[in-house]
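Chains, contacts and geometry: an overview
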Amino acid sequence: MSVIDTKNGLVGRGNRDGARLFREWFDGLTADADAGRGGAYVFVMGSLGELLRSFDLPLVFPEINSLQTAVRHQAHDYLNEAEDLGYSPDICGYVKADVATQRRGGVLPMGRIPKPQIAVLTNACNTYIKWAEIWERMYGMPSYVIDIPGTRQAGGQTWRGDEGFERDRRYVAAQLKELITLLEQVTKQPFDIDRLRENMGHANRMSRSWKRVLELNQSRPALFNALSDGTIYLGVCNGFRGSEQGAKYFEDLVEEMTYKRDHGIGTLVDERFRLVFVGVPCYPIFRRFSEMFAEHGGTFVHSTYLWFASGGANLGFEYDLSDPIESLAEGLLVGARDAMDSMFFQTQALATMVDEFAVDGVVFHPIKSCRTVSTGLADQRRALMAMRDIPSLFIESDMMDKRVVSEAQLKNRIDAFFEGLESRRLQHATPR
Amino acid sequence: MTPVRVFPEWQGRDLDGILRACQDLLEDTDFPTARRWREAGGKTVGHFQVYFPEEIVHAAGVLPLKIRGAPIEPKHADSRFGSYLCSVIKTSLELALSGRVQLDLFVTHPICDAARNLAAVWGRNVGYPCQILYLPQNAASPSARGYLSEEYARLRGEVEKITGQAITDDALRASIAVFNDNRALLREVYAIKRETPWRVAAHEAYALTAIAGLMPREEHNELLRAVLPLLRARDARPKDRIRVVFEGGFCEQPPFDLIRAIGLSCYVVDDDLLIGLRWILSDVTTTGDPLAALAEAYLERSSYSPVQHDPRKLKEAMLLARVRAADAKAVIVAAAKMCEPGLEEQVAYVHALDEARIPYFVTEFEEGMTTFDQLEIQLETFVENLLFAEEVKS
């Protein structure tokens, strides 16, 4: 690493700034909770941060809160508490951790979250809807489901100008107008279209940069680990969507990644295998999980998680600021639909990812907690194998529940996977 | 629409014989009615649980076949899925992969995250189109009705591609009339369950209802018209059983023998078993725009389930209303194993029943279960406690 790197702190800045922003975000939420201010409870697939910020609503992401309990090795306490209330061991661990969080007055390892003043969600994950119904029962606050029609059939995406697309866009736009009226009632604050426009401008800068960051990781060596570093970026992408801070963060990240690319600085010193991760991370052993791959020189150059958990921001969709509501509807439709496609109809996109990122292997990680992501993965793997001659690993665990995470078993499978990658490389290197 | 009679076995039999024929059909995992339909040259659209506007398919002269899993081993389908999944997703796909069911189009719905994935998985494994029908999850929105009409129009177009023929509004209205008759007849079955449950056992009523999804509705209507008078006239006496509502059968179906086992100690006076067949609560209008009428009925005059979000229909309140309307004394709150929406709803149901001081029995099931001894004992104990408490009270 050069003197300039350390002097300017350019390399690693994204992770440092991400951690700082995250702390500041939670400090703000704690202050809101302490002051008795309510928050907008939202989800990563279709958060509408641009709109909610224009009503000065603090954004609370229960998914992010819950995963943090797992990363900090405290999830089991939260899960047990919810299961004692009757919630099944077989449902989403995020939901259960949140139920326990609410029972604890919003207390989390990172701070305290405000109670919901409103919940705004999409149907990108059906569990979002069941989750919001729990809050409705707990607090009697309103929730609004923005129903977003997804892709009906593999390869059947429609786009602006198509009859089907315009029909869906009109439906989403009509719902956004209903939501704005509801937000005015809940916050007792008039809708300010110029503030929305400004926030959408920030979101444009963020989306543009996020797309570029993802593209830059085609570099060899990879500039960031899509699993470990990528999760930090995702936190900012969601928590700061529609804000100046979020836009600047991602512009800075582009600068950092461009610098790393230009100077050949990889996330691993010795990158041997370029991998793609499909699924949701194993948060109960988050760091160790990545290490088990890094020990073999394996780095995750991309993941479907970076698509769907950014709500489709990876597309780089940019709003038309001259027509905010209609454009917001289009962006929400396109983004949430892409997030859904990244889970349900991902085969072709994965094949493209394998090609563009020069991938050596694909790791499928279905989890007990999330059927949205996990249901189709075994079949996706089979379909991808039919399209591309690419080794893959299929390992199951969970994003929250350490009772179904067997580190030793995972390591055995991962070690064997790398043995296979090594021998394949040798075979390909051997002259015939 | 019927090119062939697909279920002749019940004809010429007495009531018990008819009911046995219905049960045999329901338990036949080779789906003989669907096979006969296709052997006669008919086309078939498979639709996954819970609700599907069957009228649109029926109007095209195509058989809408309800795909609701089956008690079979998912030998082929198992490798297409991970471990933590409900059974009905796997066995439904198995029906296609094993060749038990032949389709021209498969349609699933965003009822849950697993079901939405099913269209993609199914589509990668068969040669015919597989789709998601996006029924609205914002049912209370004023924009939902118009959207749903348009979504139904899209579906109409998809079905037209199968037959190569346009589906006219008149044909749709005629189909709506057939299904209105069917829903009215099913309401009568349920009225008998509710008013004189000793005249129709839980598993008999279930079989009579469930086979609706396996044959042209005209045939099912004919069957019900023959059976209903026989049931009303059935010589049976009330027994010392507790009146219960069974809740939790909206998607994956409990094994037939489990329903039979419950019937040994309880009168199931209402339930949500295959609620999609009874989703619309009153006649759909047969005048005007038929797709708009179907959309209106789906949203405005419909039952409830854990997989539809509608703030106007709070599910626990709807359950309590169902219990009261059926004069039930207790509730069996069931859920299919690994069913996220069902298991989540159980918590809300139990809290509401606690508050209303209505006794309940919580259980999980899987369609492939084969032994029910333990459940029978638990249920008998539950029922005995209730009967004993009633005796003490009186």
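Predicted model, so just to flag it, every value in this text is computed and none were measured.

This paragraph deals with the overall build of chain A. Counting its secondary structure elements, chain A contains 18 helices and ten strands. Relative to its length of 432 residues, chain A is compact, with a C-alpha radius of gyration of 21 Å against a globular reference of 22 Å. Summarising its shape, the C-alpha atoms of chain A cover approximately 75 × 50 × 50 Å along the three principal directions. Classification of the 432 residues of chain A by burial places 65% in the buried group. In chain A, 79% of the contacts between residues at least 6 apart in sequence involve partners at least 24 apart.

Moving on, we get to the interface of chain B and chain A. Facing 49 residues of chain B, the contacting portion of chain A comprises 55 residues. Of the roughly 4,400 Å² buried where chain B meets chain A, counting both sides, 50% is carbon and sulfur surface. Applying the counting criterion to the chain B and chain A interface returns ten salt bridges. A:Asp379 serves as the salt-bridge partner of B:Arg124, at 2.6 Å between the closest nitrogen and oxygen. Joining chain B to chain A, the criterion identifies 35 residue pairs in polar contact (both at pLDDT 80 or more). When contributions to the side of chain B that touches chain A are tallied by element, the ones reaching two or more residues are α5 (113-125), β4 (130-132), α6 (144-163), α12 (315-325) and α13 (340-356) of chain B. Broken down by class, the residue content of the side of chain B that touches chain A amounts to 24 nonpolar, twelve polar and 13 charged.

With that settled, consider the sheet that holds strand β8 (residues 360-365) of chain B. Residues and elements named next belong to chain B. In space, the four strands of this open sheet follow the order β6-β5-β7-β8, with parallel pairing throughout. Only two strands of the sheet have a single neighbouring strand rather than two, namely β6 (266-271) and β8. The mean angle between the axes of side-by-side strands here comes to 30°, regardless of whether they run parallel or antiparallel. Both strand β5 (residues 242-247) and strand β7 (residues 330-336) contribute to a ladder of four bridges, which runs parallel. Following the sheet pairing, Glu 247 is matched in β7 by Val 333. Here α12 sits on the sheet in contact with β5, β6 and β7, set at roughly 150° to β5.

Tracing the sequence through the fold places A:Ser47 in the loop between β1 (39-41) and α3 (49-53). Residues in contact with A:Ser47, not counting those within four places in the same chain, are A:Val42, A:Leu52, A:Phe61 and A:Arg241.

The rules behind each value
Counting from 1, residues in each chain are numbered in the order their sequence is written. The naming scheme follows written order: chains are lettered A onward, ligands numbered 1 onward. Residues qualify for local features only when their pLDDT is at least 70, as the model is predicted, and side-chain atom pairs are given and counted only at 80 or more; totals for whole chains, interfaces and linings, by contrast, use all residues. To get the side-chain values, take all heavy atoms of the structure and skip hydrogens and water. Secondary structure elements are defined from DSSP: runs of H or I of at least 4 residues count as helices, runs of E of at least 2 residues count as strands, and each element is numbered from the N terminus. Note on method: radius of gyration uses C-alpha positions; expected globular size equals 2.2 Å times residues raised to 0.38. Remark: exposure states derive from per-residue accessible area (1.4 Å probe, protein chains only) relative to the maximum for the residue type, with buried under 20%, exposed over 50%, and partly exposed in between. In this analysis, two residues are considered to be in contact whenever any of their non-hydrogen atoms come within 4.5 Å of each other. We define buried area as the total accessible area lost by two parts upon association, computed with a 1.4 Å probe and summed across both. We count a salt bridge whenever a side-chain nitrogen from Lys or Arg sits within 4 Å of a carboxyl oxygen from Asp or Glu. Think of a polar contact as two N or O atoms within 3.5 Å of one another; within protein, one of them needs to be a possible hydrogen donor and the other a possible acceptor, and neighboring residues in sequence only count if both atoms come from side chains. For this classification, the nonpolar set comprises Ala, Val, Leu, Ile, Met, Phe, Trp, Tyr, Cys and Pro, the charged set comprises Asp, Glu, Lys and Arg, and every other residue, Gly included, is treated as polar. A strand pair is defined by DSSP finding two or more bridges across the two strands. What counts as an axis is a line fitted to C-alpha atoms, over the stretch in contact for a helix, and the angles between N-to-C directions run from 0 to 180 degrees.

This is a description of form; function is not addressed.
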